Amino acid sequence: MSAEERIKETVSNNRVVLFMKGTPQFPQCGFSSRAVQILEACGTQFATVNVLSDMEVREGIKQFSNWPTIPQVYIDGEFVGGSDILLSMYQNGELQTKLNPAN
Amino acid sequence: MVAPEQVKLWIEEGLSGSSADVVGDGRHFEAVVICSDFAGKSMLEQHRMVYGGLGDKMDEIIHALSLRTYTPQQWNNQSS
């Protein structure tokens with residue numbers, strides 16, 4: 001399975017996906033770590049992919065989303081943004097609404 | 001390592017009609033970018049326009065570039 005197919009499968013099988021450097025327990029980059037904290041603060045379940053353990057995905061994800069950096073967040077299969085956009089969406093409440101449309 | 005002034009030039013060359021203020025430590029940068037073409041675009045699209053203009057310099061040379069993007073009106077309202 002190509003990197004692109006693996007990416008497509010991951011973002012369609014998981015409502016919230018964070019492509020990051022490292023893992024939530026051991027983030028390898030400040031921006032990835034901040035993205036983990038933001039998603040945890042929202043109390044949402046999210047899948048993570050450590051791009052450092054899969055170099056094909058690390059490059060493939062940038063073409064897939066037409067976004068040059070990691071971390072990258074996907075919600076309902078749609079690319080939402082990197083660390084900056086995630087933070088600003090969290091600060092203005094847009095992220096919480098997108099994650100929990102019910103309440 | 002690259003100087004913030006160089007990143008500023010790259011941003012402005014890559015996005016015609018934009019003006020940028022950049023600070024950074026040589027690998028991680030923060031930029032405020034003002035461009036009238038941002039009008040009507042989502043933050044995601046605005047950031048993509050800046051990153052697109054930088055091409056492969058992003059991530060190869062520039063490890064991280066935090067962006068704050070404004071149209072000229074937004075900038076004037078924000079700073080008045």
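Calculation rules
Residues numbered from 1 in each chain as written. Chains lettered and ligands numbered in written order. Predicted model: local features only at pLDDT ≥ 70, side-chain atom pairs only at ≥ 80, totals over all residues. Heavy atoms only, no water. Helix = DSSP H or I, 4+ residues; strand = E, 2+ residues; numbered from the N terminus. Rg over C-alpha atoms; globule rule 2.2 N^0.38 Å. Buried < 20%, exposed > 50% of the residue type's maximum accessible area, 1.4 Å probe, protein only. Contact = heavy atoms within 4.5 Å. Areas by Shrake-Rupley, 256 points an atom, 1.4 Å probe, with all protein chains shown as cover. Lys, Arg positive; Asp, Glu negative; His and termini not counted. Charge placed at Lys NZ, Arg CZ, Asp CG, Glu CD. Axes fitted to C-alpha atoms, helices over the stretch in contact; angles between N-to-C directions. Parallel < 35°, antiparallel > 145°, perpendicular 65-115°, else oblique. Left-handed = near helix turned anticlockwise from the far one by under 90°. Core = buried A, V, L, I, M, F, W, Y, C linked by side-chain atoms within 4.5 Å. pLDDT = per-residue confidence, 0-100. Phe/Tyr/Trp six-rings, centres within 6.5 Å; stacked < 30°, edge-to-face > 60°.

Draft legend 1. Region of the structure containing the overall build of chain B. The helix and strand tally for chain B stands at 4 helices and 3 strands. Computed over its C-alpha atoms, the radius of gyration of chain B comes to 12 Å, within 12% of the 12 Å expected for a compact globule of 80 residues. When the backbone C-alpha atoms are referred to their principal axes, chain B occupies close to 35 × 25 × 20 Å. The buried share of chain B, reckoned over its 80 residues, is 42%. The contacts of chain B with a sequence gap of at least 6 include a subset with a gap of at least 24, amounting to 49%. As displayed, chain B offers around 4,200 Å² of accessible surface, 49% of which is attributable to carbon and sulfur atoms. Mean positive and mean negative side-chain charge positions of chain B (6 and 11 charges, respectively) differ by 4 Å.

Draft legend 2. Structural context of the packing of helix α4 (residues 83-91) of chain A against helix α2 (residues 43-54) of chain B. Remark: α4(A) packs on α2(B), axes separated minimally by 11 Å, with the N-to-C direction vectors making an angle of 155 degrees. Viewed along their axes, α4(A) and α2(B) adopt a mutual orientation that is roughly antiparallel. For the crossing formed where α4(A) meets α2(B), the hand is right-handed. Of the residues in α2(B), those in contact with A:Asp84, A:Ile85 and A:Ser88 of α4(A) are B:Met43, B:Leu44 and B:His47.

Draft legend 3. Local environment of the nonpolar core. Counting residues in each nonpolar core, the largest one holds 50 residues, and the members touching the most others are A:Phe19, A:Leu95, B:Val7, B:Ile11, B:Val33, B:Ile62 and B:Leu65. B:Ile11 has contacts with B:Ser18, B:Ala20, B:Val22, B:Ala31, B:Val33, B:Val50, B:Leu54 and B:Leu65, leaving out every residue within four places of it along the chain.

Draft legend 4. How the structure looks around the confidence of the model for chain B. Across chain B, the average pLDDT comes to 93, with 99% of residues at 70 or higher. For this predicted complex, the interface confidence score (ipTM) comes to 0.80, while the overall pTM stands at 0.89.

Draft legend 5. Here's a closer look at the packing of aromatic side chains. Evaluation of the coordinates by the stated rule reveals 6 aromatic pairs over all chains. Ring centres 4.7 Å apart and planes at 85 degrees place the aromatic pair A:Trp67 and B:Tyr51 in the edge-to-face group. Here the residue A:Trp67 occupies a position in the loop between α3 (55-65) and β3 (72-75), and B:Tyr51 occupies one in helix α2, the pair thus bridging two chains. With respect to class, A:Trp67 is no different from B:Tyr51; both count as buried.

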